[in-house]
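Structural characterization, general
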Amino acid sequence: MNDWAETIGRSEKATREGDALAAHLAAATSVTVGLLSWCEARGLGEGPIRVIARAGGSPHPRLATLLGAGPGERVEFRRVVLGRGSIALAEAENLFLPGRLPAEMCHALAVTDTPFGTVLAPLRPVRRTIAVTHGTAAGPGTILRQEALVVGPGGSVLAAVSERFLPVLAGR
């Protein structure tokens, strides 16, 4: 196979895997739960999904627009790499409203390697997906990109998230 055909084949596979991953994550109770079952089915890594790295910086302005914080409402930003074992699976940006979360959840988000979805799970939040991009449209080194709102009991928005899922999830 020539280089061009090989590249097209990889691109088509990434698009198919991105489609499948998006559907799988949408059917799960949280992205964290979905990632874990996806990895278990494919033998990727060991143990729970956890934060394996944190990064600073500023959120993409689109996240702030999606979040729609009220005047004077405190907003926190968290940028992490999620992984299983030592395998990096996804990068996530979470812009959230700590005043709408119990203090112990805010503390866990600040000091533990527990993913955002796991920390918020007791609230039984609902995820409202805003945008999904996969395959080459998701960008280099990405098989799936998603933006979503995390909505708590009573319909209040708790967070805006942006996630970038890495090619290792497609078996590459």
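Report on the accompanying structure. Please read these numbers as outputs of a predicted model, since none were measured by experiment.

Attention now moves to the side chain of E163. Relative to the assigned elements, E163 resides in strand β6 (residues 157-165). Since its relative accessible area comes to 8%, E163 is described here as buried. A distance of 2.4 Å separates the side chain of E163 from the side chain of R127, its partner in a polar contact. Contacts of E163, omitting those with residues within four sequence positions, involve V31, E91, A92, R127, L144, R145 and Q146.

Counting 20 residues, the largest nonpolar core has L21, L25, L35, I143, L144, F165 and L169 as its most contacted members. At the level of secondary structure, the elements contributing two or more residues to this core comprise α1 (3-27), α2 (31-42), β1 (49-55), β2 (76-84) and β3 (87-96). The biggest single contributor to this core is α2, with four residues. Among the nonpolar cores identified, the runner-up in size contains 14 residues, and L109, F116, L158 and V161 belong to it.

Let us now look at the packing of aromatic side chains. Two aromatic rings are characterised by how far apart their centres lie and by the angle between their planes. Per the stated rule, a full pass over the model turns up one aromatic pair. Judged by centre distance (5.6 Å) and plane angle (55°), the rings of F96 and F116 are tilted. Highlighted residues: F96 in strand β3 and F116 in helix α5 (residues 116-120), separated in sequence by 20 residues. F116 shares its class with F96; the two are buried. The side chain of R42 reaches across the aromatic face of W38, ending 3.4 Å from its centre.

Reading the values: rules and limits
Sequence order as written defines the numbering, with residues in each chain counted from 1. The model is predicted, so local features are restricted to residues of pLDDT at least 70 and side-chain atom pairs to those at 80 or more, both for listing and for counting; the totals for chains, interfaces and linings are taken over all residues. Think of the side-chain values as coming from all heavy atoms in the structure, minus any hydrogens and water. Numbering of helices and strands runs from the N terminus; a helix is a DSSP stretch of H or I covering at least four residues, while a strand is a stretch of E covering at least two. Relative accessibility decides the category of a residue: with a 1.4 Å probe and only protein chains considered, values under 20% of the type maximum give buried, values over 50% give exposed, and everything between is partly exposed. Any pair of nitrogen or oxygen atoms within 3.5 Å is treated as a polar contact; in protein, a donor-acceptor pairing is required on top of that, and neighbouring residues in sequence qualify only through side-chain atoms on both sides. Note on contacts: a residue pair qualifies if any of its non-hydrogen atoms lie within 4.5 Å across the two residues. Among buried residues, the Ala, Val, Leu, Ile, Met, Phe, Trp, Tyr and Cys ones that are joined through side-chain atoms within 4.5 Å form a nonpolar core. In this analysis, rings of Phe, Tyr and Trp, with Trp reduced to its six-membered ring, are considered paired at centre separations within 6.5 Å, and the interplanar angle assigns stacked below 30 degrees, edge-to-face beyond 60, and tilted for intermediate values. Throughout this description, the term charge over a ring refers to an Arg CZ or Lys NZ atom that lies within 6 Å of the ring centre and within 35 degrees of the ring normal.

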